[in-house]
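# Report on the structure
Listed below are the residues making up each chain.
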Amino acid sequence: MENEFLGNKIFEVYSQTVSASCPSNIALIKYWGKYADQIPANPSISYTLNNCKTNTSIEFLAGEKFSVRTLLAGNEEPKFAEKIEKYFRNIEKYLPWILKGKYIIKTENTFPHSSGIASSASGFGAIAKCLMELDGYFSGKLADEIIIKKASFLARLGSGSACRSLYNGLVVWGKTAEVENSSDLFAVPYPDKEIHSAFKNFNDWVLLIHEGEKSVSSTVGHGLMKTNPYAERRFQEAHENFKILKEILRTGDLKNFIKLVEHEALTLHAMMMMSDPAFILMKSGTLEVINKIWEFRNTTGLPLFFTLDAGANVHLLFPGDKSEDKIKEFIIKELLQHTQNNGVVKDVMRF
Ligand code: PMV
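As a starting point, this report considers the structure included with it. Computed from a prediction, not measured in an experiment: that's the story for all the values here.

Attention shifts here to the nonpolar core. One finds F88, I91, Y103, L131 and F257 to be the most contacted residues of the largest nonpolar core, which totals 76 residues. Non-local contacts of Y103, meaning those with residues more than four positions away in its chain, are made with I58, E59, F60, F66, S67, V68, R69, F88, W97 and I98. Judged by nonpolar contacts, the second largest core, of 22 residues, contains M282, L308, L316 and L335.

Written out as structure tokens, the structure is:
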């Protein structure tokens, strides 16, 4: 199947500058655990954010010795350059021209670096888009649909969850019986006609509980699933949750949506606690916020809920409807105090 992504014949390689923008995403059913070559251990689904994006430009200097320079918001980032160099070497069979020149990559995020918003997802998404544009010049233009599919395939090889950022709305990565054409190799959009309008306009406010480096990286966390005694059950549960979510999305069942999304977030962190060695990425503020959300929901009945990434920050999810003003008021008054520096990133998922 991977053959479909092998590189075309190169017509001509010449110096060229391209640019692209790609948003981040937040998973509802989480990807946690992988096999070789970034094959996910279970299927996942995410919302692509509307505002948190990475903007990237790539200057390709044809014929020069292969090397990569990266500038993040104007600052030289040698560590990132090293990572990208390795990544480019790794994808040569899919883009045969890729080592035939020098790169100057300028990239900036529209959200704070410390926010824990997945900059690797938007970052690799934007790079993959740039690469496919260059590929169009050097190997001949492909159909848009193939370009975006291959961009998703290439983004996955950079950072797994990045492959979902290539599409808007709800996006699935990983083979599941519940979604036609789903694949472990690239992401596909969740069929729009199977999404109730209740799920097409949500807020995602990210509370920045902790802005420093994480104590354990995602790469290490994925690796620890290999010896986690609960891993197989977890992978199976993700499949079961897809089946449940499909019905929820079709019928507009917000109550069970909330239940499932929060359960997925807590399962992700439970897996971390059951790893050997165990680790905890939540902070006390994370727990205080979760408890306050539950109390708020119990007393007001308003649909404020949460999800978590592999970090301490809390993604506050709530529909963009008549209840949103009261929820926003509660967040500012009661939840913001648990952040490190009054930090909150306000985004929406509207499609
Ligand atoms: O793509 P990675 O390797 O950064 O892993 C991301 C994992 C989670 O964000 C925790 C879940 C997900 O599906 O995005």
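Structure's up, so let's keep going.
Summarising the sheet, strand β1 (residues 16-29) and strand β4 (residues 44-62) pair through 12 bridges and their orientation is antiparallel. By the bridge assignment, N25 is partnered in β4 with T48. Examined bridge by bridge, β4 and strand β8 (residues 170-173) share four bridges and lie antiparallel to one another. Residue pairing for β8: S46 is matched across the bridge by V171. Two elements, β4 and strand β7 (residues 101-109), share nine bridges in a ladder whose sense is antiparallel. Each bridged residue has a counterpart across the sheet, and for L61 the counterpart in β7 is K102.

The ligand sits among 13 residues. The nearest are Y31, S161, R164, H222 and D309. A distance of 3.0 Å is found between an oxygen atom of the ligand and a backbone nitrogen or oxygen belonging to Y31. Interatomic distance of 2.8 Å between a side-chain N/O atom of R164 and an oxygen atom of the ligand. Considering the ligand on its own, with 380 Å² of exposed area, one finds that the protein chains cover 91% of that surface. Residue composition of the shell around the ligand, by class: five nonpolar, five polar and three charged.

Cut-offs used in this document
- Residues numbered from 1 in each chain as written.
- Predicted model: local features only at pLDDT ≥ 70, side-chain atom pairs only at ≥ 80, totals over all residues.
- Heavy atoms only, no water.
- Core = buried A, V, L, I, M, F, W, Y, C linked by side-chain atoms within 4.5 Å.
- Buried < 20%, exposed > 50% of the residue type's maximum accessible area, 1.4 Å probe, protein only.
- Contact = heavy atoms within 4.5 Å.
- Pairing = 2+ DSSP bridges.
- Helix = DSSP H or I, 4+ residues; strand = E, 2+ residues; numbered from the N terminus.
- Near = heavy atom within 4 Å.
- Polar contact = N/O pair within 3.5 Å; in protein donor to acceptor, adjacent residues only side chain to side chain.
- Areas by Shrake-Rupley, 256 points an atom, 1.4 Å probe, with all protein chains shown as cover.
- Nonpolar A, V, L, I, M, F, W, Y, C, P; charged D, E, K, R; others polar.

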